[in-house]
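Structural overview for review
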Amino acid sequence: MTKEKKTTGLAGGLTFQYENLFGEGRLTEAMMAELRPAMDAAAASMRRILETGFAKAHLSKDGTPEHVYFPRQAYLREGNPNEEASLSRLEAMGEAWRHHVDVAVFLGIGGSYLGDKVLFDLSTKPYWNQLPVSAREGRPQIYFAGNNVDGEATQGLLDMLTYQAREAGRPLRVMLVPISKSGTTMEPLSVFSAVLVYLRQHADLFRIDVTAVTGLDKDESLLYRLACENGWPALAIPEGIGGRYCILSNPGLLMGAVLGYDIRALLDGAREMVERCLSAAADDNPALLNAACKYLAAEKLGADVEVFMGYGDRLRSLGDWYVQLLSESLGKRQDREGRTVYYGRTPVVATGTTDMHSMTQQHQDGKRNKVIQFLEVTRPAVALPVANPFPQEPALDMYAGKEMDRLLKAALAANETALTGDHRCSARYILPSLEARYAGQLLMFLMLSVAYEGELADVDAFDQPGVEAYKKIMKADLAR
Ligand code: PA5
């Protein structure tokens, strides 16, 4: 941690720049110093979680003790969420689907959807589904369903598949991938059922396969029972991996494997981050430092909104994933001692530069209750220059000859400078590129940051009791 620049991270990898969280009207070194004992305790708790899977006071929704194994996803080891055998199986599946599956429909919601969407966006080029199969190197088109119960959206998917099958003049090879840890969630289960029935009714148009991803417990998971009864392959959502923390195990890695993403490098990056983030010394622990800054901003400055603003379209789904991670992990009525605390802050996803033309006005002039968290990727996947086809219009010369990424970065820097000029809180994550290793670093960094903040605030970052209230009401209604 350099005092002046306030930058930390992994050498050659993810960087966390946080100097703009400090200064007039923002955090102080004294606030940080006051938090040191709690940070020491948080680091000790995280080491215990990694070593034993034990997190203070964490119980499953049926009230029994439940392990927390999310950091172990980074370590390929027997008994861990990922083993050499499970990874090889995923890679073999990815290869087997290549040239043999035209369309894969992933059906999940919450943690069983959001991580897959991130890995889809990281693995593919834009307009993936519209590209010819040669440009996709035989990999399937990917669609998402069951992340809502929307009849119109589901019918639209079925209509589109039907048109495709008719145009192909041969049965469309469709792989359905229902994903649900509990195996009973309304949205994926009901949409999966509707889709399966339709495809079976049109057997002349479709050849259907199913791969289920769920908890492998027949008593608990209806989806697993169906997989066993129907002879569908089933991948485990392992014990100790909650939905919003599962992106680096089977539910997320399957997407990567199917699209030829380097899932081993993804885990390498995640492991580098775990190992960097176990120290009690904040200077050596970027995730703990991030958590401490956000916690202090909330407690001392009233920053109850965090805007996650990635510059570039491919980062949008990462923001959506982070929204769930932050909301479900930290939005808690009670702390782990049973005291009413109403902890948490509201996450907001923004995309740069798009939302500079909608939200930035609020960020710059609205309530001083926000941290704007920027995400920048240093090396773009594509270097596309802008030209001026209208030499008679010199106003366009300003952009001509510059790569689009140069404009993107100018916008980010300007946004940050404007906020800082008004003593507003912002910070920046910087990734060298969106290669799998750096993506793994970032994903694990964010999961660790949220888990660390749970320790600092003394709330259980691994349960979500608040969602039971509406579920009870809805189930009673649907049972009538
Ligand atoms: O983080 C969580 O646990 C939830 O958001 C779940 O992922 C979501 O409710 C879906 O649950 P399931 O995977 O059991 O269908």
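Bear in mind that the values here come from a model prediction, so they are computed numbers and not experimental data. The numbering scheme is per chain: residues are counted from 1 as the chain's sequence reads. Totals for whole chains, interfaces and linings use every residue, but because this is a predicted model, local features are given only for residues with pLDDT of at least 70 and side-chain atom pairs only at 80 or more, for both listing and counting. Each side-chain value is worked out from all heavy atoms of the structure, with water and hydrogens disregarded.

1. A short note on the site of the ligand
Using the following cut-off: Each residue is tested against the molecule or strand, and it is near if at least one of its non-hydrogen atoms lies within 4 Å. Here a polar contact is taken to be a pair of N or O atoms separated by no more than 3.5 Å, where protein atoms must pair a possible hydrogen donor with a possible acceptor and residues adjacent in sequence count only if both atoms sit in side chains. The protein chains shown are the only cover counted for residues, whose accessible areas, like all others here, come from Shrake-Rupley with a 1.4 Å probe. A helix here means a DSSP run of H or I that spans at least four residues, while a strand means a run of E at least two residues long, and both kinds are numbered starting from the N terminus. Side-chain classes follow a simple rule in which Ala, Val, Leu, Ile, Met, Phe, Trp, Tyr, Cys and Pro form the nonpolar group, Asp, Glu, Lys and Arg form the charged group, and the remainder, Gly included, forms the polar group.
Within the structure, the ligand sits among 13 residues, and Ser112, Ser180, Ser182, Thr185 and Gln324 are positioned closest to it. For the ligand, an oxygen atom lies 2.8 Å from a polar atom in the backbone of Gly111. Interatomic distance of 2.6 Å between a side-chain N/O atom of Ser180 and an oxygen atom of the ligand. Burial of the ligand by the surrounding chains reaches 85%, relative to a free accessible area of 380 Å². At the level of secondary structure, the elements contributing two or more residues to the shell around the ligand comprise α3 (111-123) and α10 (316-330). Classifying every residue of the shell around the ligand gives one nonpolar, nine polar and three charged.

2. Re the side chain of Glu376
Which entries qualify depends on this criterion: Burial status follows relative accessibility: with a 1.4 Å probe on protein chains alone, a residue under 20% of its type maximum counts as buried, one over 50% as exposed, and anything between as partly exposed. Contacts: residue pairs with any heavy atoms within 4.5 Å of one another.
For Glu376, the location among the structural elements is in strand β13 (residues 370-377). Judged by relative accessible area, which is 10%, Glu376 ranks as buried. Glu376 has contacts with Lys409, Leu412, Arg428, Tyr429, Ile430 and Leu431, leaving out every residue within four places of it along the chain.

3. Digging into a negative patch on the surface
We count it as follows: Without a salt bridge and with relative accessible area above 30%, a residue can belong to a patch; like charges are then joined within 9 Å and nonpolar side chains (Val, Leu, Ile, Met, Phe, Trp, Tyr) within 5 Å. Any Lys or Arg side-chain nitrogen found within 4 Å of a carboxyl oxygen on Asp or Glu counts as a salt bridge. Counted as positive: Lys and Arg. Counted as negative: Asp and Glu, with His and the chain ends omitted from the count. Where a charge lies is defined by one atom per residue type: Lys uses NZ, Arg uses CZ, Asp uses CG and Glu uses CD.
Judged by side-chain charge, Asp62, Asp217, Asp219 and Glu220 come together as a negatively charged surface patch. Tracing the backbone through its elements, the reader meets Asp62 in the loop between α1 (29-52) and α2 (84-97). Judged by relative accessible area, which is 55%, Asp62 ranks as exposed.

4. Overview of the pairing of strand β9 (residues 305-311)
Regular strands have side chains that alternate between both faces of the sheet. Stated precisely, the cut-off is as follows: A pair of strands counts as paired when DSSP detects no fewer than two bridges linking them.
Across the seven residues of β9, seven count as buried, placing the element largely inside the fold. Of the two faces of β9, the one holding Val305, Val307, Met309 and Tyr311 and the one holding Glu306, Phe308 and Gly310 are both buried throughout. As paired strands, β9 and strand β12 (residues 346-352) are joined by seven bridges and run parallel to one another. Paired with Val305 across the two strands is Thr346, which belongs to β12. Sheet analysis places β9 next to β13, joined by six bridges and oriented parallel.

5. Re the side chain of Ser317
Position of Ser317 among the secondary structure elements: in helix α10. Polar contacts involving the side chain of Ser317 include one to the side chain of Asp121, which spans 2.6 Å. Ignoring sequence-local partners within four residues, the contact set of Ser317 consists of Lys117, Val118 and Asp121.

6. Some details on the pattern of salt bridges
Evaluation of the coordinates by the stated rule reveals 31 salt bridges. Its salt-bridge partner being Asp102, residue Arg173 comes within 2.9 Å of it at the nearest N-O pair. Placement of the pair is Arg173 in strand β5 (residues 172-180) and Asp102 in the loop between α2 and β3 (103-107), with a sequence separation of 71 residues. Take Asp102: its relative accessible area is 13%, and that puts it in the buried class.

7. A short note on the state of the cysteines
Convention followed: Only a pair of cysteine sulfur atoms within 2.5 Å counts as a disulfide in this structure description.
Per the counting criterion, the structure on display carries zero disulfides. Here Cys228 stays unpaired: no disulfide links it, and the sulfur of Cys246, its closest cysteine neighbor, is 20 Å away. Residue Cys228 is classed as partly exposed on the basis of its relative accessible area of 34%. A disulfide-free cysteine, Cys293 has its sulfur positioned 9.4 Å from the sulfur of Cys425, the nearest such atom.

8. Here we look at a nonpolar patch on the surface
Taken together, the side chains of Phe390, Leu396, Met398 and Tyr399 define a hydrophobic patch exposed on the protein surface, amounting to about 370 Å² of accessible area. Counting through the fold element by element, Met398 comes out in the loop between β13 and α12 (404-421).

9. Examining the packing of aromatic side chains
This is how it is decided: Note on ring pairs: Phe, Tyr and Trp rings are taken, using the six-membered ring of Trp, and paired if centres are within 6.5 Å. Classes follow the plane angle, with under 30 degrees stacked, over 60 edge-to-face and the rest tilted. Put simply, a charge is over a ring when the Lys NZ or the Arg CZ is close to the ring centre, within 6 Å, and near the line of the ring normal, within 35 degrees.
Under the counting rule described, the total for this entry stands at 17 aromatic pairs. Ring geometry for Phe16 against Phe445: centres 6.0 Å apart, planes inclined by 55°, an arrangement best described as tilted. Highlighted residues: Phe16 in strand β2 (residues 15-17) and Phe445 in helix α13 (residues 436-457), separated in sequence by 429 residues. The same class applies to Phe16 as to Phe445, namely buried. When the centroid spacing of 5.3 Å and the interplanar angle of 45° are considered together, the rings of Tyr245 and Phe462 count as tilted. Separated by 217 residues along the polypeptide, Tyr245 in the loop between β8 (234-236) and α7 (250-258) and Phe462 in the loop between α13 and α14 (467-478) bring together distant segments of the chain. Grouped by ring-pair contacts, the aromatic residues Phe16, Tyr18, Phe22, Phe308, Tyr322, Tyr429 and Phe445 constitute a single cluster. It is Lys6 that lies over the ring of Phe22; its NZ or CZ is 4.6 Å from the centre.

10. Quick word on the packing of α2 against helix α8 (residues 263-276)
Inclusion rule: Here an axis means a line fitted to C-alpha atoms, over the contact stretch when the element is a helix, while the angle between two N-to-C directions is reported on a 0 to 180 degree scale. Should an angle lie under 35 degrees it is considered roughly parallel, over 145 roughly antiparallel, and from 65 to 115 roughly perpendicular; all remaining angles are considered oblique.
It is at 11 Å that the axes of α2 and α8 come closest, and there the two elements cross at 140°. Relative to α8, the element α2 is oriented oblique. In this structure, α2 contributes Glu84, Leu87, Ser88, Leu90 and Glu91 to the contact, and α8 contributes Ile263, Arg264 and Leu267.

11. Description of the environment of Asp304
Residue placement: Asp304 occurs in the loop between α9 (286-301) and β9. Taking the relative accessible area as the measure of exposure, Asp304 reaches 39% and is therefore partly exposed. It is 8.6 Å that separates the C-alpha atoms of Asp304 and Pro347, two residues lying 43 residues apart in sequence. Not counting chain neighbours up to four residues away, the residues in contact with Asp304 comprise Arg345, Thr346 and Asn369.

12. Regarding helix α6 (residues 222-230)
This is how it is decided: Picture the helix axis, draw a direction to every C-beta atom, and the arc is the one those directions span.
The complete set of buried residues in α6 reads Leu223, Tyr224 and Ala227. All buried residues of α6 lie within an arc of 100° about the axis, which places them on one face of the element. Those residues of α6 hidden inside the fold are in contact with β5, β7 (212-214) and β8. Downstream of α6 by a residue or two, Gly231 has a phi angle that is positive, lying close to 70°.

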